[in-house]
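As a plain string of letters, each chain reads:
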Amino acid sequence: MDRDFQIVVWGATGFTGQIVTEYLHDHYGDQIRWAIAGRNLEKLQSVKKQLQLDESVECLVGDSFDEGSLKAITSKTNVIISTVGPYLIYGKALVSACVHTKTDYCDLTGEIPFVKDSVDSFHDMAKANEVKIVHSCGYDSIPSDIGCLLLQNKSNEKYGVPASNVKLFVMGTKGKFSGGTMASMMNLMKEAKDPEKHRIQRNPYILCNDVTPDMPNQRIQSFTWYDPRIEKWTAPFIMARFNSRIVFRTNDLKQYAYGRDFMYDEGLAVGYGMRGKFRGALLMFGIGVFIKLMSWSFTRNLLKKTVLPMPGEGPSKQERDDGYFKVKLVGQNFDEENRVDVEISDTNDPGYGSTSIMLAETALCLALDKHELPNEYGVVTPSVAMDTRIADRLKKAGFHISVNI
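Residues numbered from 1 in each chain as written. Predicted model: local features only at pLDDT ≥ 70, side-chain atom pairs only at ≥ 80, totals over all residues. Heavy atoms only, no water.

Student: When you look at the packing of aromatic side chains in this model, what are you seeing that I'm missing?
Tutor: How two aromatic rings sit relative to each other is given by the distance of their centres and the angle of their planes. Using the criterion set out here, one finds 12 aromatic pairs in the structure. Judged by centre distance (5.6 Å) and plane angle (80°), the ring pair of F15 and Y352 falls under edge-to-face. Taken together, the residues F15 in helix 1 (residues 15-28) and Y352 in helix 14 (residues 350-368) connect sequence positions 337 residues apart. On the basis of relative accessible area, Y352 is assigned to the buried category, the value being 3%. With a centroid separation of 6.1 Å and an interplanar angle of 70°, the aromatic rings of Y226 and W233 are classed as edge-to-face. (Phe/Tyr/Trp six-rings, centres within 6.5 Å; stacked < 30°, edge-to-face > 60°. Helix = DSSP H or I, 4+ residues; strand = E, 2+ residues; numbered from the N terminus. Buried < 20%, exposed > 50% of the residue type's maximum accessible area, 1.4 Å probe, protein only.)

Spelled out as structure tokens, the structure:
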């Protein structure tokens, strides 16, 4: 479809939006037709001046609650990147606009209720209109979803069957939260007080359509334990609950290519011996205290005023450059045979540096590699939308991705 732009960045004045915009400008600015968009023209022009964007990069204005203004933007582009969260508050109208104007969409949400609402409201129409609505295209959940796809491809190639038990281990990470992430987390905690929203967040198959009674009761790690697969002590990983839902939706959309007995979980590697065990226990205690403090309005407001970053704030460029992440996925059958390992790492802050690269490369993949991608449409996952093509792009962008047996 020949439109004015190939990509539009929605929310370009926000913290993550500016990083995505800068990445596109630095690496692809003269290779693509693109624009930046938001609700305030003066702020958009300020970002354009600050980042020294080309004159050809237009500034488009819309409102997250005015679908008509969003349709005016989405009808001009092939793909739109959304960095405006919390998505439960600001996200739905843009997805609707994309479905109606037949515009592909990607975001970095980690909000289960939002993705569930998007699936329920738009999957069928997006599929009929041959639109790809691709949520969770950052640190949540590309390493989980694409890593699992690469692992299963190798397992099928080497052993003739998919791995029935896969776990992702966060082997190392260094990064900080931004104000926008904290706002999304606080909104999710608020939503979880609603019994129906709480049920949505706890059901592992909530994003799946074809669920049968014989499918396994998925276990999310909730204690510190020693894991012989990596010979280290491990602790719960805060995003395991969300990432696993994306992986299970992939399996569902792929007609259970990973098997109906497929098990998936994630954990955080915390070290060797007694030191690792103690570190895991200390980490769990700290997370528990933080969640408790965030559940009370008085202490939550106090933390917001004194410690937590405000929306628009986040790690500096130096802090992002000093960050990194490394994850390892281990897949086996239930007899602990037929092992396949996948490692994914990057030398940027995972939540912002690496996430912005993954989100930008997703949009580029949808816009520039369209004829190489699967003919799968609707509210889909990264691996269903792009297969391994996004992994190829990330490797070229500097990510380390390896598959080993």
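Anyway, onward from the coordinates.
Student: So what exactly am I meant to see when it comes to helix 14 here?
Tutor: Because the α-helix completes a turn every 3.6 residues, residues three or four places apart line up on one side. Of all the bends in helix 14, the largest measures some 25° and sits at S356. Burial analysis of helix 14 places 17 of its 19 residues in the buried class, the great majority of the element. In this structure D349 caps helix 14, since a side-chain oxygen of it lies 3.0 Å from the backbone nitrogen of G351. (Bend = angle between axes of the 7 residues up to and from the residue. Polar contact = N/O pair within 3.5 Å; in protein donor to acceptor, adjacent residues only side chain to side chain.)

Student: How should the nonpolar core be read in this particular structure?
Tutor: Residues I7, L24, W34, I81, Y264 and L329 are the most contacted members of the largest nonpolar core, which totals 72 residues. Apart from the residues within four sequence positions on either side, W34 is in contact with F5, I7, V9, T21, L24, H25, G29, L53, S56, V57 and E58. With 32 residues, the next largest nonpolar core counts F5, C98, V131 and I246 among its residues. (Core = buried A, V, L, I, M, F, W, Y, C linked by side-chain atoms within 4.5 Å. Contact = heavy atoms within 4.5 Å.)

Student: Explain unusual backbone geometry here, please?
Tutor: Trans is the common state for peptide bonds, and a negative phi is the common state for residues other than glycine. For the bond from G85 to P86, the omega torsion is 0°, close enough to zero to count as cis. Relative to the helices and strands, P86 resides in the loop between strand 4 (77-82) and helix 4 (87-90).

Student: Explain the pattern of salt bridges to me, please; I cannot follow it from the model alone.
Tutor: Per the counting criterion, the structure on display carries 17 salt bridges. With a closest N to O distance of 3.3 Å, D120 and K116 form a salt bridge. Residue D120 and its partner K116 are located together in helix 6 (residues 112-128), separated by four residues, close to a single helical turn. Residue D341 is joined to K328 by a salt bridge in which the shortest nitrogen-to-oxygen separation is 3.6 Å. Taken as a pair, D341 in strand 12 (residues 340-346) and K328 in strand 11 (residues 324-332) lie far apart in primary sequence, 13 residues in all. Each member of the pair D341 and K328 is classed as buried. Within the structure, one salt-bridge network assembled from shared partners comprises E361, D369, E372, R389, D392 and R393. (Salt bridge = Lys/Arg side-chain N within 4 Å of Asp/Glu carboxyl O.)

Student: Would you mind going over the side chain of T77 with me for this structure?
Tutor: Relative to the helices and strands, T77 resides in strand 4. At 3.4 Å, the side chain of T77 forms a polar contact with the backbone oxygen of F5. At 3.4 Å, the side chain of T77 and the backbone nitrogen of I7 are in polar contact.

Student: Can you walk me through the sheet that holds strand 12 in this structure?
Tutor: Strands belonging to one sheet form pairs held by backbone hydrogen bonds; the direction of such a pair is parallel or antiparallel. Read from one edge to the other, the open sheet built from seven strands follows the order 8-9-10-7-11-12-14, with strand pairing classed as mixed. The strands lining the two open edges of the sheet, one partner per strand, are strand 8 (225-227) and strand 14 (400-404). Each neighbouring strand pair of the sheet contributes to a mean axis angle of 30°, computed without reference to strand direction. Bridging between strand 9 (residues 232-236) and strand 10 (residues 263-271) involves four bridges; their strand directions are antiparallel. Bridge assignment links P236 to a residue of strand 10, and that residue is G267. (Pairing = 2+ DSSP bridges. Axes fitted to C-alpha atoms, helices over the stretch in contact; angles between N-to-C directions.)

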